[in-house]
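# Working through the structure, step by step
Listed below are the residues making up each chain.
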Amino acid sequence: KQEVTQIPAALSVPEGENLVLNCSFTDSAIYNLQWFRQDPGKGLTSLLLIQSSQREQTSGRLNASLDKSSGRSTLYIAASQPGDSATYLCALGGNYGQNFVFGPGTRLSVLP
Amino acid sequence: SAVISQKPSRDICQRGTSLTIQCQVDSQVTMMFWYRQQPGQSLTLIATANQGSEATYESGFVIDKFPISRPNLTFSTLTVSNMSPEDSSIYLCSVEGRGSKDTQYFGPGTRLTVL
């Protein structure tokens, strides 16, 4: 059974800092890995999707890496802004991307 | 991406009653998913709903407690039956991505509080 953990559980940083969020998983037989952000009352927004054959994906100030052999993924946020404040979830997709297993999330606060 | 709406956005219900949550998508999709997010916890998949067939429930979830309808390719409902305070959660529906079945898009969620 896939188990997903995220460290830290919560993080508070001043605006402008670069930061790294961590996601660990127990079963490396994944189809893909996806990072989401969750804003209160707005559901989940997909940030980056990494296929199992890929090592990283980039979108703007965000960079996500995947190391299946060690069961880890990181989400790097450059030059953080108050608008980045949200809960960040990683999710492992098995079985052609379905049956997502979510991590518990990291709650990020970026202070102005 | 898909645009997903849910009704109601939130509700407060009495123990023993039932609530039906609606999920509407702006395009036809084959698979729709229902998730529960209990307070302070991450998302747990309840069931997968395909149009024209019975929903497939994950371990720990049963049809009598969470009946699901999927009458067409753009709509689904989840009913939370005989509610107890332990059912207080956010319920989210999601769909697979158009053009890319590797991702999922989520609705805004329904925040349910059971007294």
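Residues numbered from 1 in each chain as written. Chains lettered and ligands numbered in written order. Predicted model: local features only at pLDDT ≥ 70, side-chain atom pairs only at ≥ 80, totals over all residues. Heavy atoms only, no water.

Residue and element names in this part refer to chain A. The strand order E1-E3-E8-E7-E6 describes an open sheet built from 5 strands, whose pairing is antiparallel. Each of the sheet's edge strands pairs with one partner strand only, and the pair in question is strand E1 (4–7) and strand E6 (56–59). Geometrically, the sheet is characterised by an average inter-axis angle of 15° between neighbouring strands, direction not taken into account. Pairing analysis gives 6 bridges linking strand E7 (residues 62–67) to strand E8 (residues 72–77), with the strands arranged antiparallel. Looking across to E8, one finds that Asn-63 is bridged to Tyr-76. (Pairing = 2+ DSSP bridges. Helix = DSSP H or I, 4+ residues; strand = E, 2+ residues; numbered from the N terminus. Axes fitted to C-alpha atoms, helices over the stretch in contact; angles between N-to-C directions.)

Another aspect to go through is the sheet that holds strand E1 (residues 4–7) of chain B. Residues and elements named next belong to chain B. With respect to topology, 4 strands assemble into an open sheet ordered E1-E3-E8-E7, the strand pairing being antiparallel. Each edge of the sheet is formed by a strand with only one pairing partner; in this case those strands are E1 and strand E7 (68–72). Strand-to-strand twist of the sheet, defined as the mean angle between neighbouring strand axes without regard to direction, takes the value 15°.

Using the criterion set out here, one finds 9 aromatic pairs over all chains in the structure. Each ring, one from A:Phe36 and one from A:Phe100, has its centre 6.4 Å from the other, and the planes form 80°; the classification is edge-to-face. Taken together, the residues A:Phe36 in strand E4 (residues 32–38) and A:Phe100 in strand E10 (residues 98–102) connect sequence positions 64 residues apart. Taking the relative accessible area as the measure of exposure, A:Phe36 reaches 0% and is therefore buried. On the accessibility criterion, A:Phe100 (4% relative accessible area) is buried. Geometrically, the ring pair formed by A:Phe102 and B:Phe106 is edge-to-face, given 5.9 Å between the ring centres and 80° between the ring planes. Taken together, the residues span two chains, with A:Phe102 in strand E10 and B:Phe106 in strand E10 (residues 104–106). Overall, the relative accessible area of 7% leaves A:Phe102 in the buried class. Among the aromatic residues, those joined into a ring-pair cluster are A:Phe36, A:Phe100, A:Phe102, B:Tyr35 and B:Phe106. (Phe/Tyr/Trp six-rings, centres within 6.5 Å; stacked < 30°, edge-to-face > 60°. Buried < 20%, exposed > 50% of the residue type's maximum accessible area, 1.4 Å probe, protein only.)

As a further point, take the confidence of the model for chain B. Per-residue confidence for chain B gives a mean pLDDT of 91, with 96% of residues at or over 70. Mean pLDDT in chain B bottoms out at E10(B), which sits at 86, and peaks at strand E3 (residues 19–25) of chain B, which reaches 97. (pLDDT = per-residue confidence, 0-100.)

All names here are of chain A. By secondary structure assignment, the location of Gly-105 is in the loop between E10 and strand E11 (106–111). Expressed as a C-alpha distance, the spacing of Gly-105 and Cys-90, which sit 15 residues apart in the sequence, is 7.0 Å. When near neighbours in sequence (up to four residues on either side) are disregarded, Gly-105 contacts Gln-6, Pro-8, Ala-9, Thr-87, Tyr-88 and Leu-89. (Contact = heavy atoms within 4.5 Å.)

Bringing the state of the cysteines into the picture now. Residue and element names in this part refer to chain B. This structure, assessed with the given rule, holds 2 disulfides over all chains. At a sulfur-sulfur separation of 1.9 Å, the disulfide partner of Cys-23 is Cys-93. With the S-S dihedral at roughly 70°, the linkage between Cys-23 and Cys-93 falls on the right-handed side. Of this pair, Cys-23 sits in strand E3 while Cys-93 is found in strand E9 (residues 89–96), placing the two residues 70 residues apart along the sequence. Residue Cys-23 shares its accessibility class with Cys-93, and that shared class is buried. (Disulfide = S-S within 2.5 Å.)

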